[in-house]
Amino acid sequence: MPVIAWEQPFCGEGSTCFRIGTDANGNAYIAVAGQEDTYLTDTREALTTLIRDIKAGKADHLL
């Protein structure tokens, strides 16, 4: 298992918390807080694109 540096959880009121992490090899990770051993992984560039697209409103239809 890679050594992942996890950020503090991102939580919505009354919902599941998510954590984002990175490793020394340039990979990014997303997991449910408390379940960090089960994660989704991709490159940091992919995570950057995801965050920018969400901030630009491209996922607003999911709200």
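Here, the structure is the one placed above.
Residues numbered from 1 in each chain as written. Predicted model: local features only at pLDDT ≥ 70, side-chain atom pairs only at ≥ 80, totals over all residues. Heavy atoms only, no water.

## So, the overall build of the protein
When helices and strands are tallied, the protein shows one helix and five strands. Going from N to C terminus, the protein has its helices and strands arranged as β-β-β-β-β-α. Summarising its shape, the C-alpha atoms of the protein cover approximately 35 × 25 × 15 Å along the three principal directions. By the burial criterion, 16% of the 63 residues in the protein qualify as buried. Of the charged side chains in the protein, 5 are positive and 9 negative; the average position of the first set lies 8 Å away from that of the second. (Helix = DSSP H or I, 4+ residues; strand = E, 2+ residues; numbered from the N terminus. Buried < 20%, exposed > 50% of the residue type's maximum accessible area, 1.4 Å probe, protein only. Lys, Arg positive; Asp, Glu negative; His and termini not counted. Charge placed at Lys NZ, Arg CZ, Asp CG, Glu CD.)

## Observations concerning helix H1 (residues 44–55)
An α-helical segment advances 3.6 residues per turn. Residues three or four places apart therefore align on the same side. The terminal C-alpha atoms of H1, which comprises twelve residues, lie 16 Å apart, in line with the 16 Å expected from a rise of 1.5 Å per residue. One or two positions beyond H1, positive phi appears at glycine 57, with a value near 95°. (Expected span 1.5 Å × (residues − 1).)

In short, shape yes, function no, at least from these values alone.
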